[in-house]
Amino acid sequence: AIRRASAYSQQQIEQIAHHDVVMLEKSNGTSAYGSVEEGTRQAAARIKAVNPSVKILFYLNSMVHYPRYEANKSFQLDWATRKRKNPDKYFKFMNRYYYYDHRNLDFR
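Since this is a predicted model, take the numbers as computed values, not measurements.

Draft legend 1. Structural view of the side chain of Lys 26. Note that Lys 26 resides in the loop between strand 1 (21-24) and helix 2 (30-33). Given a relative accessible area of 15%, Lys 26 falls into the buried group. For Lys 26, the residues in contact, after removing those within four places along its chain, are Arg 3, Val 36, Tyr 59, Tyr 66 and Tyr 69.

Draft legend 2. Representation of a nonpolar patch on the surface. A cluster of nonpolar side chains, Val 21, Met 23, Leu 57 and Tyr 59, forms an exposed patch at the surface whose accessible area comes to about 330 Å². When you line up the elements, Tyr 59 lands in the loop between strand 2 (55-58) and strand 3 (92-93).

Draft legend 3. The pairing of strand 1, seen in detail. Only one face of strand 1 is buried: it carries Val 22 and Leu 24, and the other face, with Val 21 and Met 23, is open. Note: strand 1 against strand 2, four bridges, orientation parallel. Looking across to strand 2, one finds that Met 23 is bridged to Leu 57.

Draft legend 4. How the structure looks around the nonpolar core. With 10 residues, the main nonpolar core is built from Tyr 8, Ile 13, Ile 16, Ala 17, Val 22, Leu 24, Ala 43, Ala 44, Ile 47 and Val 54. Within the residue set of this core, elements represented by two or more residues are helix 1 (10-16), strand 1 and helix 3 (36-50). Among the elements that line this core, the one with the most residues is helix 3, at three residues. If we skip the residues at most four places from it in the chain, Val 54 touches Ala 17, His 19, Asp 20, Val 21, Val 22, Ile 47 and Lys 48. Among the nonpolar cores identified, the runner-up in size contains six residues, and Phe 75, Trp 79, Ala 80 and Tyr 90 belong to it.

Draft legend 5. Here's a closer look at the side chain of Glu 25. Counting through the fold element by element, Glu 25 comes out in the loop between strand 1 and helix 2. Looking at Glu 25, its side chain comes within polar contact range of the side chain of Arg 3, at 2.9 Å. If we skip the residues at most four places from it in the chain, Glu 25 touches Ala 1, Ile 2, Arg 3, Val 36 and Tyr 59.

Draft legend 6. Structural context of the pattern of salt bridges. Applying the stated criterion to the full structure yields six salt bridges. Residues Asp 78 and Arg 82 are paired through a salt bridge, measuring 3.5 Å at the closest nitrogen-oxygen approach. Overall, Arg 82 belongs to the partly exposed group, its relative accessible area being 32%. Overlapping salt bridges, with partners in common, bring together Arg 3, Glu 25 and Lys 26 in one network.

Conventions adopted
Residues numbered from 1 in each chain as written. Predicted model: local features only at pLDDT ≥ 70, side-chain atom pairs only at ≥ 80, totals over all residues. Heavy atoms only, no water. Helix = DSSP H or I, 4+ residues; strand = E, 2+ residues; numbered from the N terminus. Buried < 20%, exposed > 50% of the residue type's maximum accessible area, 1.4 Å probe, protein only. Contact = heavy atoms within 4.5 Å. Patch = residues over 30% accessible without salt bridge, like charges linked within 9 Å, V, L, I, M, F, W, Y side chains within 5 Å. Areas by Shrake-Rupley, 256 points an atom, 1.4 Å probe, with all protein chains shown as cover. Salt bridge = Lys/Arg side-chain N within 4 Å of Asp/Glu carboxyl O. Pairing = 2+ DSSP bridges. Core = buried A, V, L, I, M, F, W, Y, C linked by side-chain atoms within 4.5 Å. Polar contact = N/O pair within 3.5 Å; in protein donor to acceptor, adjacent residues only side chain to side chain.

These results come straight from atomic positions and should not be treated as a statement about function.
Encoded structure:
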């Protein structure tokens, strides 16, 4: 899995394109293109232009709320996992990112 907030250089794209499978994960192109989805689309298109047979996978963490996804713009704090003994507090990954509460029907 690879990630880079800025756009990949052409040399990096050519190196990446030599693999059979490439997994693009969070942060790809966020500073250059504004969202993970757009950064991933741009990187994938450039990789495919060099090697049309490469398989490109998109990784989306379904447990941790990372903020730079276009899809997360509608995120509501009610969808985060609360602590049972202190429901005013939320579980956070690395004390920074909320965990999604998949038990919440409104979230699903």
